[in-house]
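Below, each chain spelled out in residue letters.
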Amino acid sequence: MDLNAEVDQLVRQSQTWVPLIMEYGSRLLLALLTLAIGWWIINKLSARLGKLVGLRADAALQGFISTLANIVLKVLLMVSVASMIGIETTSFVAAIGAAGLAIGLALQGSLANFAGGVLILMFRPFRIGDWIEAQGVSGTVDSIQIFHTVLRTGDNKTVIMPNGSLSNGIITNTNRQPTRKVVFDVGVDYEADLQKARNVLLELAQDPRVLQDPAPQAVISTLGDSSITVSLRIWTKTADYWDVMFMLNEHARDRLKAEGIDIPFPQRVIRVVQETVA
């Protein structure tokens, strides 16, 4: 008698459990299947997007876009899977938003650097390998990362610059243009033949690394206290800028001296007036 009652009770309970198991079991199975397939598709799409961006941008932007798309899509997938199981996503999204706000307030500097990295990677004021001057530092760009940019200075030091301040400051990129203007100033004596001095500098401009279009110019730029400044203005390829500047510094003095043109040093003439006391 007791056994029959227990069986009847078990049958009645099973009538409640079975529909629940069927309902939530199918939901869970479908959610797991969606998660697995969605995860695989997102990885494929992220890789394909990275290759597509790589055809039009540099490696830094390619990796950033691919990673960001992968994270965003996977977060959306997790929210969708939670909704399929029956979890209330409204409170879930609100909790994520509150947590994001708290984290954002705690990491304001890091978020500013992240936003700066996004701007640099999107608008690309410089690329890897460019020589830039920013925030009082100059060097070759070694890498552009999400939070900071790594520079290598001329004496082989590594400088890590936060992207927040870098993106909001003045950046001088010496590699963006294919050519650069060299302005070479030299002071000559007031008694010197200015035309001869100009001709000497123009002869130096016949170096094969100096571009002849625009044509080199030698002009009188300033009249100083102890010398007249003759300015040679020429154009070179960006890669030849420093070699040409060093060449001018090396040969200008000797060529001017050979032509009898002195390069004076700053001097002051003092006249002493002697008064006769009656």
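To start, this report covers the structure provided alongside it.

Conventions adopted
Residues numbered from 1 in each chain as written. Predicted model: local features only at pLDDT ≥ 70, side-chain atom pairs only at ≥ 80, totals over all residues. Heavy atoms only, no water. 1 Å grid on protein atoms, 1.4 Å probe; cavity = no way out; pocket = protein on both sides within 12 Å on 5 of 7 lines; lining within 4 Å. Points joined across faces, edges and corners; volume = space filled by probe spheres on them. Helix = DSSP H or I, 4+ residues; strand = E, 2+ residues; numbered from the N terminus. Core = buried A, V, L, I, M, F, W, Y, C linked by side-chain atoms within 4.5 Å. Buried < 20%, exposed > 50% of the residue type's maximum accessible area, 1.4 Å probe, protein only. Expected span 1.5 Å × (residues − 1). Contact = heavy atoms within 4.5 Å. Patch = residues over 30% accessible without salt bridge, like charges linked within 9 Å, V, L, I, M, F, W, Y side chains within 5 Å. Areas by Shrake-Rupley, 256 points an atom, 1.4 Å probe, with all protein chains shown as cover. Salt bridge = Lys/Arg side-chain N within 4 Å of Asp/Glu carboxyl O. Pairing = 2+ DSSP bridges. Axes fitted to C-alpha atoms, helices over the stretch in contact; angles between N-to-C directions. Parallel < 35°, antiparallel > 145°, perpendicular 65-115°, else oblique. Left-handed = near helix turned anticlockwise from the far one by under 90°. Nonpolar A, V, L, I, M, F, W, Y, C, P; charged D, E, K, R; others polar.

Attention now moves to the layout of surface pockets. Taken as a whole, the largest pocket spans an internal volume of roughly 220 Å³. As for the largest pocket, its lining consists of Trp131, Glu133, Thr174, Asn175, Arg180, Thr238, Ala239, Tyr241, Trp242 and Asp243. Listing elements by their share of the lining of the largest pocket, those giving two or more residues are β1 (131-134) and α7 (241-258). At three residues, the largest contribution of residues to the lining of the largest pocket is made by α7.

This part covers the nonpolar core. Of all hydrophobic cores here, the largest spans 24 residues; its most connected members are Phe184, Val188, Leu201, Leu232, Ile234 and Leu248. Residue assignment for this core shows that the elements contributing at least two residues are β6 (179-188), α6 (194-204), β9 (228-237) and α7. By size, the runner-up hydrophobic cluster in this structure holds 11 residues, among which are Leu121, Phe126, Val141 and Leu151.

Bringing α7 into the picture now. Count 3.6 residues to each turn of an α-helix, and residues three or four apart come out pointing the same way. Between its first and last C-alpha atoms α7 spans 26 Å; for 18 residues at 1.5 Å apiece the expected length is 26 Å, and the two agree. The set of residues buried in α7 consists of Tyr241, Val244, Met245, Met247, Leu248, Ala252 and Leu256. Looking at the buried residues of α7, the elements they touch are β6, α6, β7 (210-211) and β9.

Attention now goes to a nonpolar patch on the surface. Together, Leu30, Leu33, Ile37, Trp40, Ile41, Leu45, Leu68, Val72, Leu73 and Leu76 make up a nonpolar patch on the protein surface, roughly 920 Å² of accessible area in all. Every element with two or more residues in the nonpolar patch is listed here: α1 (2-54) and α2 (59-85). By residue number, the principal contributor to the nonpolar patch is α1, which donates six residues. Take leucine 30: it is sitting in helix α1. Since its relative accessible area comes to 46%, leucine 30 is described here as partly exposed.

Before going further, it helps to spend a moment on the sheet that holds β1. Spatially, β4-β3-β2-β1-β5 is the arrangement adopted by the five strands of the open sheet, whose pairing is antiparallel. Single-partner strands in this sheet number two, and they are β4 (158-162) and β5 (171-173). Neighbour-to-neighbour, the strand axes of the sheet open up by a mean angle of 40 degrees, direction not taken into account.

Proline 214 follows aspartate 213 through a cis peptide bond whose omega is 5 degrees. Within the fold, proline 214 resides in the loop between β7 and β8 (217-223). For arginine 124, which is not glycine, the phi torsion reads 50 degrees and is therefore positive. Locating arginine 124 in the fold gives a position in the loop between α4 (108-123) and β1. According to the relative accessible area criterion, arginine 124 is partly exposed, its value standing at 22%. Backbone geometry at asparagine 156 places phi at a positive 65 degrees, although glycine is not the residue there.

Let us look at the packing of α6 against α7. In contact at an axis separation of 10 Å, α6 and α7 are set at 140 degrees when each is read in the N-to-C sense. The pairing of α6 with α7 is recorded here as oblique in orientation. Viewed along their axes, α6 and α7 form a crossing whose handedness is right-handed. For the pair α6 and α7, contact is made by Ala197, Val200, Glu203 and Leu204 and by Met247, Leu248, His251, Ala252, Arg255 and Leu256, respectively. When its residues are assigned to classes, the contact of α6 with α7 shows seven nonpolar, one polar and two charged.

Within the secondary structure, glycine 38 sits in helix α1. Exposure remark for glycine 38: the relative accessible area of 15% places this residue in the buried category.

On to the side chain of serine 227. Relative to the assigned elements, serine 227 resides in the loop between β8 and β9. Look past the residues within four positions of serine 227 in its chain and what remains in contact with it is Gly187, Val188, Tyr190 and Pro264.

All right, on to the pattern of salt bridges then. Scanning the model with the defined rule gives five salt bridges in all. For aspartate 142, the salt bridge is made with arginine 152, and the minimal N-O distance between the two is 3.3 Å. A residue pair is termed long-range when its members are at least 10 positions apart, and aspartate 142 in strand β2 (residues 137-144) and arginine 152 in strand β3 (residues 148-152) qualify at 10 residues. Residue class for arginine 152 comes out partly exposed when judged on its relative accessible area of 32%. Between arginine 253 and aspartate 254 there is a salt bridge whose closest N-O contact spans 2.8 Å. Judged by relative accessible area, aspartate 254 falls into the partly exposed class, the value being 42%.

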